[in-house]
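# Per-entry structural report
Here's the letter readout for the chains.
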Amino acid sequence: MLETFALREYLSEMLKLCRAKYDVKGSRSIRIVHFVVAAIICFLGWNHLVAEDLTNFQSSGNVTLKRLLEADTEPGEWLTGGRDYQQTYYSPLTNINKTNVKQLGYSWSYNIEFTTAFEATPIVVDGVMYTSGNRGKVYSLDAKTGKLIWKFDPDIDLTVLSQLCCTDVNRGVVVWRGNVYVGSLDGYLYALDASTGAVLWKVDTIIDRARAYSITGVPYIAKNQVVIGNSGAEFDARGYVTAYDTETGKQAWRFYTVPGDPKNGFEHPELKWASKTWDPDSRWDMGLGGTVWDGMAYDPELNLLYVGTGNGAPWNRNIRSPAGGDNLFLSSILALNPDNGRLIWHYQTTPGDTWDYTAAQKLVLADLEIGKNIRQVIMQAPKNGFFYILDRKSGELLSAEPYARINWASHVDMKTGRPVETEQGDYSKEPKLVLPGPLGAHSWAPMSYNKKTALVYIPVMDIPLVLSAQEQNFSYERGQSNLGVTVTGFTAGGWLSQNAAPNLPTLDSLTADLSDLQPRLFLTAWDPVIGRAVWRNDITGEIDPSLEFYRRAGGVMTTASGLVFQGGADGFLRIYDANNGSSLHSINVGTSMLAAAMTYLIGGEQYVAIMAGVGDYDGYVDQLYGKKGRIVAFKLGEGEVPQRKPTQLTKTKIKAPTVKDDGTTEQISHGEALFRGHCAACHSTGRAPDLTRISEPTRAEFPDIVLKGIRASRGMGNFSALLSVEDARDILAYINHLTWLKFQRQDAEGAVQ
Ligand code: CA
C-alpha cells in the first residue's frame, strides 16, 4: 500500500507537470505516453480512477470522474454549473475574504448581444471558460483575459419562439472529457469539441414537433451518458428525460415522467402503475406536463441520477385529471438508475399539483448530521415553499419545513410525506389568493450550500398571486398557453393587470388574512438541519408599480471564506457575510443580473465572474443601461466596472395615449381572449415588453411583428401559423383599450406613478 501510495503521489505530480509543460492540443505522442503510463497502472491493479483520468486526458475541457470526485483538491476549478457534482454553488477558495473583499474590482468583460436574459453560470476548467447565452449559443473564453477562443451558434428554427412559456433563455453547458454539451432552444442536443467548438454530433431530442417543446435547461452527465429534458408544460408537452452516449450521441434510454394514453400501452413499466394515479379520462391529448426543465444531479458513488419534474399540463387539475389523483410523476424528485433509466425511488412534493408548483428546481447533494447520524441527503427548495431533505439513497423524507410564506398547505405530514392542503389553496369554486404564487417561492435561480457554515443560501420570492379557475370555457388550443387558470398579480398599490381576470372580487376581499401585500424578495440563509432561517435580507429594493411586473431574486454563490455573492436586478453585485448577512461590499456592474456568479483561480489570483444581462425579461435595468449583456470578471484591485450609458430610472406620469380606443366591443373581447392565450405569459409578466407602452412606430409595425416575425432576433416569434390578420388587429384593439384603461386608472387613483 505504501509503495502504491508513493507511486500515486509521484504519478499525480508527474501528470500535473506534463499538463503544465506540454499543453499541446491533442498531441498524439503525449496521449500515447499517457496511455502507456495508464496501462502500467492498470496492470499494477491500482486506482482505476487515476487510470481512467490518464487514458482520457484531454488538453481542453478535461473534466473527468476523478476530478469531480476530488473537486475539493482543485479549489481553483469550477467543473460543473454548480462547481462540483453535488451542485453546491460553493467554492473552497479563500483568497478573496472578508478582510479584502472591499478591494474586489473589475478585471475584464466580454460583451454578448442578447435577446432576453442570461441564466447560465460559466464553467472554468484549466483556465478556460465555457458558458451559454440565449437559445443555446456557446462561448469559450480565456478565463484570465476574457478573450474569445471560439463561439457556437445553433442557428435555431425560429418557429419555436412563438411557443415559449418563459423566453429564449439557456441555463448553461456541461463539460466532459474534452466535449461541451448544450441543448438548443429548438430541442437539439449538441456535442462540441472543447478545443474548437466544432460540432461532433447533434441529436433531435423532441418526440413530437407538433407540440410546444423547447429546451432551456442544462444537460447533465451521468456515468458515460449525457442526459437532457425539456420545457413546454404551459402548452401541451409530455415530460421526459433522455440519456445519450457521450461519445456517439446514440440514445441509451428515455424515461417519461407522465403516462401517455393507457389505450396505447406504456413505454416502460413505471408508467403502468403511475397511470393509476390519473383519471382514466385525463387530458392525455394535452401531454400532461411534468417536464424536466432545470434541476438534475448525478451521484457517482451511489450511481443514481436525480431528476426534478415540473407542473401539470394544464395547471388546473380539475381539467387535467377530473377525478383527481396524485398524478405521478408531476412535481416530483426521481432517482433513476443511469445504466437503464429505471426508477429506483420517487418523492412527490406536490401531489395533484394545480398551482404550477414544479419540483424542477436545482437539486443539491450533501452529507448532513441528522439525529446524530451523517446522512447522505438531497435537498431542494421547489416552488411550493417547503424545503425538502431526503435520504438520497432511499428517498426517505427527513425534513420538509416552509422557507417562505405559505397558505396552500398547513404543513407536510411527516408520516405520510404529504402536504396537508388548506381551503385557501382551493381556487376551484372561487378566486383565491395563493402563497406562493405560481412564480414560486424559489425557481431556477441557484441556491448555494456552504460546507463551512452548513447553511443553504436561497433566493426567495414572496409574490402572492390570485388564481381563478377557467373551467367553463376552457378549450385546448395547440400552440397556446393552456393553463385552465387565470393568474392576476397585485402589489400593495392594487391590481397589476386590471383586466387579467373577469369578474374578480375586490382585492380587499381576497387579501383579508394577509398583513403584507407588497411582493418581496429575500436572500435567506437556511439551516437545513433545524429547518429555519438563520438570517434573512429583504432585497426587494424599489419596485416601481408602474412597471406592472415583478422582479426576481438572482442566483447565489458562496465561498469557504464566508462570502455570499448575489447579483441584483438593479445592476449591483452584492457580497454579504455568510454568518449574519451583513453587507461587505457592492459593485456597480451597471447591468441587471439573475444568473449566479462563480469563482476560480488562475496564477494564484482568484477571480469572480457572472453573466450579467436581463432585458425586458424580469428587469427594469433595460431602461437604465440598455439591452446589453456581458460576462464580467472581478479580482482584487480597485477597478470600477466600465459603464454603458447609465441613466437613472425616472418615474413619469403616464401621458394621455395618442392612440384611439376605437375597437368594437367584439374586437376587444376577442383580442383579450387571444392575448391571454398567446401573449400574456410573456407580456403580462415582465418577460417581454409591456405592450401598453409601445411606441407609435411599433404600433404601426404590429401586424408584421406578429405575423411576419420581424422582431424574431429580439425574441418575439412569428405567430402566422396561429393567428390571422383579423386576430392581430383585435389583439391590438385590446392593447389600445388597455392603454386607455391604465391612463384612466392612474387619473382615478391620483397618479399611480
Ligand atoms: Ca411552469
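The structure displayed is predicted, hence computed values, not measured ones.

### Considering helix α10 (residues 696–708)
With 13 residues, α10 should cover 18 Å at 1.5 Å per step; its first-to-last C-alpha distance of 18 Å lies within 8% of that length. By the largest-angle criterion, F702 marks the main kink of α10, which is about 50°, and a proline, P703, follows within four residues. If you check which residues of α10 are buried, you get T698, R699, F702, I705, V706 and L707. Of the residues trailing α10, G709 is marked for its positive phi of about 70°.

### Examining the sheet that holds strand β37 (residues 572–577)
Strand order in the open sheet made by the 5 strands is β1-β35-β36-β37-β38, with mixed pairing throughout. The outermost strands of the open sheet, each flanked by one partner alone, are β1 (90–91) and β38 (583–588). Bridging between strand β36 (residues 563–567) and β37 involves 5 bridges; their strand directions are antiparallel. Bridging across to β37, Q566 finds its partner in R574.

### As for the coordination of the calcium ion
Bound to the calcium ion on the protein side are E234 (OE), E234 (OE), N311 (OD1), D356 (OD) and D356 (OD), at distances that span 2.3 to 3.2 Å. Site description for the calcium ion: donor spacing in sequence, E-x76-N-x44-D. Separated by 122 residues along the polypeptide, E234 in the loop between β12 (225–228) and β13 (240–245) and D356 in the loop between β20 (342–348) and β21 (364–370) bring together distant segments of the chain. As far as the burial class goes, E234 and D356 line up, both buried.

### Some remarks on the nonpolar core
Counting 58 residues, the largest nonpolar core has Y130, V180, Y306 and W345 as the members making the most contacts within it. Those residues in contact with V180, other than ones at most four positions away along the chain, are Y130, V138, W150, V173, V174, V175, Y190, A191, L192 and A194. By size, the runner-up hydrophobic cluster in this structure holds 42 residues, among which are W78, M129, A597 and M598.

### Concerning the sheet that holds strand β9 (residues 188–193)
The 4 strands are arranged β7-β8-β9-β10 in an open sheet whose pairing can be described as antiparallel. At either end of the open sheet lies a strand with only one pairing partner, and these are β7 (174–176) and β10 (199–204). Going across the sheet, the axis of each strand differs from the next one's by a mean of 20°, ignoring polarity. Bridge count between strand β8 (residues 179–183) and β9: 5 bridges; the pairing is antiparallel. Along β9, the bridge assignment pairs N179 with D193.

### Thoughts on the pairing of strand β22 (residues 373–380)
Here β21 pairs with β22 via 7 bridges, running antiparallel. Across the sheet, the residue bridging to L365 is I378, located in β22. In textbook terms, the turn of a hairpin is the stretch between consecutive antiparallel strands, and for β21 and β22 this stretch comprises 2 residues, one of which, G371, has a positive phi near 60°. Pairing geometry for β22 and strand β23 (residues 386–391), over 4 bridges, is antiparallel.

### Some points on the pattern of salt bridges
Per the counting criterion, the structure on display carries 36 salt bridges. The shortest N-O distance in the salt bridge between D126 and R67 comes to 2.8 Å. Here D126, found in the loop between β3 (123–125) and β4 (128–132), pairs with R67, found in helix α4 (residues 65–69); they are 59 residues apart in sequence, far enough to count as distant. Since its relative accessible area comes to 37%, D126 is described here as partly exposed. A salt bridge links D704 to K708, with the nearest nitrogen and oxygen atoms 3.5 Å apart. Here the residue D704 and the residue K708 both occupy positions in helix α10, the gap between them amounting to 4 residues, near one helical turn. Here the salt bridges share partners, and the residues they tie into one network are R67, E74, E77 and D126.

### Comments concerning the environment of H411
One can find H411 in strand β25 (residues 409–413). The spacing of H411 and F386 is 25 residues in sequence and 8.5 Å in space, taken between C-alpha atoms. Those residues in contact with H411 that lie beyond four places of it in its chain are F386, R418, P419 and V420. At 2.7 Å, the side chain of H411 forms a polar contact with the side chain of S410.

### So, the packing of aromatic side chains
Taken as a whole and assessed by the stated rule, the structure comprises 20 aromatic pairs. Measuring from ring centre to ring centre gives 6.2 Å for W278 and W284, while their planes differ by 45°; the resulting arrangement is tilted. Neither residue differs from the other here; W278 and W284 are each classed as buried. Arranged with centres 5.4 Å apart and planes meeting at 25°, the rings of W355 and Y357 form a pair that is stacked. Assessed through its relative accessible area of 0%, Y357 is described here as buried. Chaining the aromatic ring pairs together yields one cluster made of Y347, W355, Y357, F386, Y388 and W408.

Calculation rules
- Here the residue index of a chain counts from 1 through its sequence in written order.
- The predicted origin of the model limits local features to residues at a pLDDT of at least 70 and limits the giving and counting of side-chain atom pairs to 80 or more, whereas totals for whole chains, interfaces and linings rest on all residues.
- Think of the side-chain values as coming from all heavy atoms in the structure, minus any hydrogens and water.
- Numbering of helices and strands runs from the N terminus; a helix is a DSSP stretch of H or I covering at least four residues, while a strand is a stretch of E covering at least two.
- Helix span, as expected, comes to 1.5 Å for every residue beyond the first.
- What the bend at a residue measures is the angle between two axes, fitted to the seven residues ending there and to the seven starting there.
- Burial classification: accessible surface area is computed with a 1.4 Å probe over protein chains only, and a residue below 20% of its type maximum counts as buried, one above 50% as exposed, and the rest as partly exposed.
- Pairing between strands requires that DSSP locate at least two bridges from one strand to the other.
- Any N, O or S atom lying within 2.8 Å of the metal counts as a donor, and for Na, K and Ca the limit rises to 3.2 Å; water is left out, so some sites can look incomplete.
- What makes a nonpolar core is a set of buried Ala, Val, Leu, Ile, Met, Phe, Trp, Tyr and Cys residues whose side-chain atoms join them at distances within 4.5 Å.
- Residue contacts are counted whenever heavy atoms from the two residues lie within 4.5 Å of one another.
- Axis definition: a line fitted to C-alpha atoms, over the contacting stretch in the case of helices. Angles run 0 to 180 degrees between N-to-C directions.
- Each salt bridge in this description consists of a side-chain nitrogen of Lys or Arg and a carboxyl oxygen of Asp or Glu lying within 4 Å of one another.
- N or O atoms within 3.5 Å of each other form a polar contact, as long as, within protein, one can give a hydrogen and the other can take it, and as long as residues adjacent in sequence are counted only when both atoms are side-chain atoms.
- Whether two aromatic rings pair depends on their centres lying within 6.5 Å, for rings of Phe, Tyr and Trp, where Trp uses its six-membered ring; planes under 30 degrees apart make the pair stacked, over 60 edge-to-face, and the rest tilted.

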